[in-house]
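# Structural characterization, general
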Protein chains: 4
Amino acid sequence: MISDRKLEHLILCTSCDVEYRKSTGFEEIEMVHRAIPEINREKIDIGLDFLGKELSSPIMISAITGGHPAALKINRELARAAEELGIALGLGSQRAGVEHPEVEETYAIARKEAPSAMLVGNIGSSHIEYAERAVEMIDADALAVHLNPLQESIQPGGDVDSTGALESISSIVKSMDVPVMVKETGAGISSEDAIKLEACGVAAIDVAGAGGTSWAAVETYRADDRYLGELFWDWGIPTAASTVEVAESVNVPVIASGGIRSGLDAAKAIALGATMAGIALPVLEAAGQGYRAVIRVIERFNEALKTAMYLAGAETLDDLRNSQVII
Amino acid sequence: MISDRKLEHLILCTSCDVEYRKSTGFEEIEMVHRAIPEINREKIDIGLDFLGKELSSPIMISAITGGHPAALKINRELARAAEELGIALGLGSQRAGVEHPEVEETYAIARKEAPSAMLVGNIGSSHIEYAERAVEMIDADALAVHLNPLQESIQPGGDVDSTGALESISSIVKSMDVPVMVKETGAGISSEDAIKLEACGVAAIDVAGAGGTSWAAVETYRADDRYLGELFWDWGIPTAASTVEVAESVNVPVIASGGIRSGLDAAKAIALGATMAGIALPVLEAAGQGYRAVIRVIERFNEALKTAMYLAGAETLDDLRNSQVII
Amino acid sequence: MISDRKLEHLILCTSCDVEYRKSTGFEEIEMVHRAIPEINREKIDIGLDFLGKELSSPIMISAITGGHPAALKINRELARAAEELGIALGLGSQRAGVEHPEVEETYAIARKEAPSAMLVGNIGSSHIEYAERAVEMIDADALAVHLNPLQESIQPGGDVDSTGALESISSIVKSMDVPVMVKETGAGISSEDAIKLEACGVAAIDVAGAGGTSWAAVETYRADDRYLGELFWDWGIPTAASTVEVAESVNVPVIASGGIRSGLDAAKAIALGATMAGIALPVLEAAGQGYRAVIRVIERFNEALKTAMYLAGAETLDDLRNSQVII
Amino acid sequence: MISDRKLEHLILCTSCDVEYRKSTGFEEIEMVHRAIPEINREKIDIGLDFLGKELSSPIMISAITGGHPAALKINRELARAAEELGIALGLGSQRAGVEHPEVEETYAIARKEAPSAMLVGNIGSSHIEYAERAVEMIDADALAVHLNPLQESIQPGGDVDSTGALESISSIVKSMDVPVMVKETGAGISSEDAIKLEACGVAAIDVAGAGGTSWAAVETYRADDRYLGELFWDWGIPTAASTVEVAESVNVPVIASGGIRSGLDAAKAIALGATMAGIALPVLEAAGQGYRAVIRVIERFNEALKTAMYLAGAETLDDLRNSQVII
Ligand SMILES: Cc1cc2nc3c(=O)[nH]c(=O)nc-3n(C[C@H](O)[C@H](O)[C@H](O)COP(=O)(O)O)c2cc1C
Ligand SMILES: Cc1cc2nc3c(=O)[nH]c(=O)nc-3n(C[C@H](O)[C@H](O)[C@H](O)COP(=O)(O)O)c2cc1C
Ligand SMILES: Cc1cc2nc3c(=O)[nH]c(=O)nc-3n(C[C@H](O)[C@H](O)[C@H](O)COP(=O)(O)O)c2cc1C
Ligand SMILES: Cc1cc2nc3c(=O)[nH]c(=O)nc-3n(C[C@H](O)[C@H](O)[C@H](O)COP(=O)(O)O)c2cc1C
């Protein structure tokens, strides 16, 4: 059953080493220290308008869960944090919610706890027919269509028919009332795919690159035969590389995610061209401890992001995006 | 006696560390993840026509053994696996079989067990006069002339006169009814040698590069004085480099081998220009356990190859060969 | 209180690991050995004229302390050493001395002990109004305006408003009777900032780059929450890179400092374009043992510098600056 | 006394770690494997004419010792080996022999034991007035003028006046009847110095680069204060780099030495442009065991050199020098 798998994922991601062994590449990127920033750190503004919503920070919570009783609490705490902070929150894949109305509440709770926050619905590229229901379920401000061919390849019996995916995306973009973005789930997006996605009319692209949570890793723990998962554990485009590639290839806003582990990583991602930076694993454990813990995590990201901006002499996110980095 | 040496080789290769300490270079090569493969993994076809034979997979079993009673069982099991899977199988050097008719059966068993599989005969470049007998012995579909100057250099009393080798190859190519390919045995082929071989009219080139079984290593264990073997343990052109060099220099099909340890390595080799990928050491131990074990090894290679193809958006081996790699 | 913080800094810098984990980059730079130096090492002269003062060596003691009773002894010993050797000595930030006349003596002692040595006053870029008093306090030969945005960012309640800093520097340069230089405190100066500083009319630039004492590190030990300090521990431009960048961008003399740990590092810095090389941490412990120990440290630096010069065939500092280095 | 120092050097070089911590660079250089060498290893000839003498191998024994009773035995055994093998042998600095006739025999023994071998005399660039006596003492076939500014810099009271060295070399070249070469002692020769030496008319240049015996290291053990020796332990131009640089800058024959530890290193050095390869440390211990041990060492070098030549398809040293290497 889907919802049991969801629970397994939550347990594995909080208990086992599920991260890529190779790195995002951010540690090889250096921002340039400005000894005379010539700005006032108190005036640094990290608020932005993203797909029509005002956000207090470019740090967003990436899609994590839903569909299992255990997900209810997580989504509730994440939503409370998002509401209090004014940041964006991605829900986990809503397929379970559409197919099993009895678990709808595990998603809908988010909107109840976060009446004004930006909520992003989530549906797989092969279940695009659920898109409308997904958006309604949480009164979503935007919808993310996720791509996860790596996980589907490793997971026994995964859905490994990707034909027609671009067409589905293209049509859903046209039919939906809310902006539709596309996100990977940890293996990254190449410039070639980004260009095709932009041509489909997507509103934003979340690269979700390699270096953070590895879905080959997660599925390795679930498999009877760990061979394939071990072999593909590190498959994917590192987040820093994917961010640069995609940002240089398309004009739609880019979300950098996958292994973003501090506000300093986020600052580097934005300096490389991203508009937003998403995190999943870093808030998962905190969510179990309650929304206050989630808020503390996000505030640390914001704090470090502002510190990096101050030291790079960037007063606004645009300044940061135009600042120099050394690769 | 040759056949005792053959047994020693089998024992050493299954019990000792006989691999290069330096790498094939494949781990530095990354394929490009395609988040939207736009293909159906079930439709991926890894079958191909190679030198006039239909094969179910580009993974072939490289030349291993023959000439000693212990080789009989190995060749029987390898042949059963090749027959059942529809893949190509290289026999070990047939010199012993020609010179000692009493061990002929250790080779001939392969054709008995694999009436329809592609069998590749094997003879050293300095015993080319045995070529015809070698082909007859197993009703070979092709003949591989092997080059092993490294082993001969380290092995006391080895044959280290290579003069006239190209001429022999040139003449045997013309006189044989089956296609004649040339293979190294683990030290790789340079583009310069590949060009000369193509000019000789060879039908294919198996680079058998450095990074897998090291014949300097094997002979180190057999030597009284281990000095020279230790010193040249790592001599040779890494397989990934040799594959690129040769594929870019000649038009004949290239077999990548030497340290191919997974279907992912094979996929990278094909993306670098190879047509086939050969493995010796990885099937040797399995052969001792019976042909079912050999089949399991090959199936894992096929499985991983298809997974890599799916994630790279390659439906055919040609697509894979034209796909992008990052070096 | 400032003076307690000063004491804490002294204690932390002598007891804890406060250095960058990343390197200055000097170990990747090689000078070119000259087998036939064609000079006489006894004739090597490392004396120079710096901002109008005759110095016996380009090694200077960087700004360290003042403002706390414990600083009195340190400045006394450093000053005695500077006087005996004929080298330049930078005093620590004099803000405390200006704001609290009762600790003035902890600075003024330096001039008493070093009537003829080159003394450099020190004031933060946001307390430039104290400049005149600072110079008077020690009858300074020059004034260093220090920049420390990294420390101020990590230190709770630090001064993180850098607006107007360039203007202040520009005006103080004009109003002062002594030469005004600008120094970082361990995070380095970019070419962009160096160019702006030169335009302000500064007499010299001390890059004080990353690789030696890390002020993020020092403040990590002082913080309740070590998170931010840990994260920015390694923020900054490595000294070797900063030295090259600044020396190539401006015409004013450059002081290389931050992680200079031997006369060989100093020689490399000068070969990269610096005029002087400053050290703080290496003399701090010695100062506690008395001026003889400080002299021994400096003499080792001089000795190694001369050895490097001899082996590079450089008889003068200008020869050294024009000598070849391999990066 | 000189001769005690000589003994100390012998003891330190056989008992302590006196080698550079950085490498010669040879392990980063790869020769190209030729799968079809097209030559007969038995016909490989490593004999050559060097400065008018016929040698059986390009491997020579570099200058080691003389001047102390302990040196007598070493030179006797080295000479016997050189005579039997037909290779060149360099004597240690003959200054002691000139200044103290009672130790002359420790050098002269070499000629007695090796009536026909090529013997190379040795004198420091600052004792060039001893040149004629040095040659006579051993009826030398050539004279090496050694340069050792690194050792002299580290050794307390060393001779660190190099002025006039080039002039001395120039004049001695003209006045001597035997060919005069110049050698470093382990810190390498830059192309700039090589060009100057060629202009002086030297007959050959021995780069004696960094990566083998470090004279800063040796002197570290002898010093009361190990500071300077430790700091300069790794000073110098790595042998592989020095060999390439010098071979490309001048037309006189180049001897590669300093850290040559196998015939494979020697092969690489020759492929990089050297004519000869010298070894000191590797024969020192063997010399203590007698000339048979020395012969065994040299034969291993010859054997490995020939193996590398065979596998690179080089029948002559000229072929080897023209063969391809990958850096
Ligand atoms: C437990 C867990 C569940 C996830 N479920 C989804 C999902 O349902 N839909 C989706 O688009 N991404 C999902 N993701 C992927 C994340 O959104 C994110 O792209 C990925 O984890 C990389 O970010 P990270 O390294 O910060 O974890 C999930 C991640 C985790 C850790
Ligand atoms: C035990 C053993 C015996 C071999 N004998 C032969 C042989 O007779 N002829 C030949 O062409 N190659 C022979 N090879 C070399 C292989 O065909 C192959 O080129 C080499 O082992 C590199 O592949 P690997 O790293 O997958 O083992 C042998 C390899 C092994 C391990
Ligand atoms: C204990 C201590 C106190 C310092 N105080 C000052 C200061 O007051 N003003 C200043 O400009 N730099 C100050 N510095 C920074 C040094 O002048 C120098 O730029 C920095 O420590 C890098 O050099 P190092 O790696 O040799 O220590 C201080 C350094 C230390 C170790
Ligand atoms: C014990 C010892 C004594 C040496 N004495 C001399 C010498 O007197 N004259 C000289 O030119 N080189 C001398 N050398 C340097 C060697 O000739 C050689 O250049 C250097 O040791 C590097 O070679 P290696 O790494 O093979 O030892 C000596 C080397 C050793 C180990």
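A brief report on the enclosed structure follows. (Residues numbered from 1 in each chain as written. Chains lettered and ligands numbered in written order. Predicted model: local features only at pLDDT ≥ 70, side-chain atom pairs only at ≥ 80, totals over all residues. Heavy atoms only, no water.)

## Comments concerning unusual backbone geometry
Selection criterion: By definition, any uninterrupted DSSP run of H or I lasting at least four residues is a helix, any uninterrupted run of E lasting at least two residues is a strand, and each is numbered from the N terminus.
Its identity as a non-glycine residue notwithstanding, B:Asp139 has a phi of 45°, on the positive side. With respect to the secondary-structure elements, B:Asp139 resides in the loop between helix H5 (131-138) and strand S7 (142-146).

## Some remarks on the environment of B:Met137
Of note, B:Met137 is situated in helix H5. Separated by 118 residues in sequence, B:Met137 and B:Glu19 place their C-alpha atoms 31 Å apart.

## Overview of the pattern of salt bridges
Keep this limit in mind: Basic side-chain nitrogens of Lys or Arg form a salt bridge, by our definition, when they fall within 4 Å of a carboxyl oxygen of Asp or Glu. Between buried and exposed lies partly exposed: a residue is buried under 20% and exposed over 50% of the maximum accessible area for its type, with that area taken using a 1.4 Å probe on protein chains only.
Under the criterion given, the structure shown has 84 salt bridges over all chains. B:Arg34 is the salt-bridge partner of A:Glu192, the closest N and O atoms lying 3.5 Å from each other. Here A:Glu192, found in helix H8 (residues 191-199), pairs with B:Arg34, found in the loop between strand S1 (30-31) and strand S2 (48-50), and the two come from separate chains. On the basis of relative accessibility, which here comes to 13%, the residue B:Arg34 falls in the buried class. Residue B:Arg111 pairs with B:Asp141 through a salt bridge whose shortest N-O separation is 2.9 Å. Here B:Arg111, found in helix H4 (residues 105-113), pairs with B:Asp141, found in the loop between H5 and S7; they are 30 residues apart in sequence, far enough to count as distant. Residue classification places B:Arg111 among the buried residues on the basis of a relative accessible area of 13%. Put simply, A:Arg76, A:Glu77, A:Arg80 and A:Glu113 are held in one network by salt bridges that share partners.

## A word on the site of ligand 3
Residue and element names in this part refer to chain C. What counts is decided by this rule: Working definition: residue near molecule or strand if any one of its non-hydrogen atoms lies within 4 Å of it. Distance and chemistry together define a polar contact, namely a pair of N or O atoms within 3.5 Å, with one atom able to donate a hydrogen and the other to accept it when in protein, and with adjacent residues in sequence counting only for side-chain atoms on both sides. Computed with the Shrake-Rupley method and a 1.4 Å probe, the accessible areas treat only the protein chains shown as cover for residues.
Close contacts around ligand 3 come from 23 residues, with Ala 63, Lys 183, Thr 213, Gly 259 and Arg 261 the closest. With respect to ligand 3, the backbone of Gly 259 contributes an N or O atom lying 2.8 Å from an oxygen atom. Take Leu 281: an N or O atom from its main chain is 3.0 Å from an oxygen atom of ligand 3. Compared with its free state, where it exposes 600 Å², ligand 3 has 96% of that area covered by protein. When residues of the shell around ligand 3 are assigned to their parent elements, the largest contribution, three residues, is made by helix H13 (residues 281-289).

## Quick look at the site of ligand 1
Residues and elements named next belong to chain A. What counts, and what does not: Three classes are used: nonpolar for Ala, Val, Leu, Ile, Met, Phe, Trp, Tyr, Cys and Pro, charged for Asp, Glu, Lys and Arg, and polar for all others, with Gly counted as polar.
Neighbouring ligand 1 are 23 residues; Ala 63, Ile 64, Lys 183, Thr 213 and Arg 261 lie closest to it. The side chain of Asn 122 places a nitrogen or oxygen atom 2.9 Å from an oxygen atom of ligand 1. Between Ala 280 and ligand 1, the recorded distance is 2.9 Å, taken from a backbone N or O atom to an oxygen atom. When the free accessible area of ligand 1 is taken as 600 Å², the share hidden by the protein chains comes to 96%. For the shell around ligand 1, the per-class residue count stands at ten nonpolar, ten polar and three charged.

## Notes on the relation of the copies chain B and chain A
Rules: Superposing copies: least-squares fit, C-alpha atoms only, residues required to have pLDDT of at least 70 in both.
At an RMSD of 0.0 Å, chain B and chain A line up after a rotation of 90° and a shift of 0.1 Å along the axis. In the structure described here, the two chain copies are related by an operation that fits a four-fold rotation axis.

## Digging into the state of the cysteines
All names here are of chain A. Using the following cut-off: Disulfide assignment relies on a single distance test, namely cysteine sulfur atoms paired within 2.5 Å.
Under the criterion given, the structure shown has zero disulfides over all chains. Free of any disulfide, Cys 16 has its nearest cysteine sulfur in Cys 13, 8.6 Å distant. Given the relative accessible area of 27%, Cys 16 is considered partly exposed.

## Here we look at the interface of chain B and chain D
How big an interface is tends to be stated in terms of accessible area lost as the parts join. Filter applied, for reference: Contact between two residues is taken to exist if any of their heavy atoms lie within 4.5 Å; hydrogens are not considered. Buried area is understood as the total, over both parts, of accessible area removed when two parts are fitted together, assessed with a 1.4 Å probe.
Taken together, the 29 residues of chain B in the interface contact 25 residues of chain D. Both sides of the chain B and chain D interface together cover about 2400 Å² of buried area, and 61% of this is carbon and sulfur. Contact with chain D buries surface across chain B, with B:Val160, B:Tyr227 and B:Trp235 losing the most and accounting together for 26% of the total. Counting across the chain B and chain D interface gives five salt bridges. Across the pair D:Arg34 and B:Asp193 runs a salt bridge whose closest N-O atoms are separated by 2.7 Å. Where chain B packs against chain D, one counts eleven residue pairs in polar contact (both at pLDDT 80 or more). Where the side of chain B that touches chain D is concerned, the elements lending two or more residues are helix H6 (149-154), helix H7 (165-175), helix H8 (191-199) and helix H10 (227-232) of chain B. Among the residues making up the side of chain B that touches chain D, the classes are represented as 15 nonpolar, six polar and eight charged.

## Remarks on the interface of chain B and chain A
The interface is formed by 24 residues belonging to chain B together with 29 residues belonging to chain A. Across the interface of chain B and chain A, roughly 2400 Å² is buried in total on both sides, 61% from carbon and sulfur atoms. On the chain B side of the contact with chain A, B:His33, B:Ile36 and B:Glu38 bury the most area, a combined 28% of that side's loss. For the pair chain B and chain A, the number of links is eleven residue pairs in polar contact (both at pLDDT 80 or more). Put simply, the parts of the chain that give the side of chain B that touches chain A at least two residues each are S1 and helix H14 (291-311) of chain B.

## Concerning the side chain of A:Ser242
Residues and elements named next belong to chain A. Relative to the helices and strands, Ser 242 is located in helix H11 (residues 239-249). Judged by relative accessible area, Ser 242 falls into the buried class, the value being 0%. Setting aside its immediate chain neighbours within four residues, Ser 242 contacts Gly 188, Ile 189, Val 207 and Ile 237.

## Section: helix H11 (residues 239-249) of chain D
Residues and elements named next belong to chain D. We count it as follows: When we speak of the arc, we mean the arc of directions from the helix axis to the C-beta atoms.
Those residues of H11 lying buried are Thr 239, Ala 240, Ser 242, Thr 243 and Val 246. Around the axis of H11, the buried residues are gathered within 160° of arc, so they sit on the same side. Where H11 is buried, its residues meet helix H8 (191-200), strand S9 (204-206), strand S10 (254-257) and helix H12 (263-271).

## Thoughts on the packing of aromatic side chains
We apply this condition: Working definition: rings of Phe, Tyr and Trp (its six-membered ring) pair if their centres are within 6.5 Å, and the pair is stacked with planes under 30 degrees apart, edge-to-face with planes over 60 apart, and tilted otherwise.
One pass over the structure, following the stated rule, counts eight aromatic pairs over all chains. Each ring, one from C:Tyr221 and one from C:Trp233, has its centre 6.0 Å from the other, and the planes form 70°; the classification is edge-to-face. Note that C:Tyr221 is positioned in helix H9 (residues 215-222) and C:Trp233 in the loop between helix H10 (227-232) and helix H11 (239-249), a separation of twelve residues in sequence. A relative accessible area of 3% means that C:Trp233 is categorised as buried. With 5.6 Å between their ring centres and 50° between their planes, D:Phe232 and D:Trp235 make a pair best called tilted. Like D:Trp235, D:Phe232 is buried.

## Some remarks on empty space enclosed by the protein
Rolling a probe over the atoms, with the probe sized like a water molecule, indicates the empty space that remains. Residue and element names in this part refer to chain D. Counted only if it meets this: In this analysis, the protein atoms alone were mapped onto a 1 Å grid. Cavities are point sets where a 1.4 Å probe fits without being able to get out; pockets are open sets with protein on both sides within 12 Å along at least five of seven lines; lining residues have an atom within 4 Å of a point. Grid points are joined across faces, edges and corners, and a volume is the space filled by probe spheres set on the points.
Overall, the coordinates contain nine cavities of 30 Å³ or more when judged by the stated rule. Size it by volume and the largest cavity reaches roughly 60 Å³. Lining the largest cavity we find 13 residues, and of these Met 60, Ala 63, Val 120, Ala 144 and Lys 183 sit closest to its centre. Listing elements by their share of the lining of the largest cavity, those giving two or more residues are strand S6 (118-124) and strand S8 (180-183). Top contributing element to the lining of the largest cavity by residue count: S6, with three residues.

## A closer look at H8(D)
All names here are of chain D. Residues Asp 193, Ala 194, Leu 197 and Cys 200 constitute the buried set of H8. Angular distribution of buried residues about the axis of H8 spans 115°; they occupy a single face of the element. Check the buried side of H8 and you find it contacts helix H7 (165-175), S8, S9 and H11. Looking one or two residues past H8, Gly 201 carries a phi angle of roughly 90°, positive in sign.

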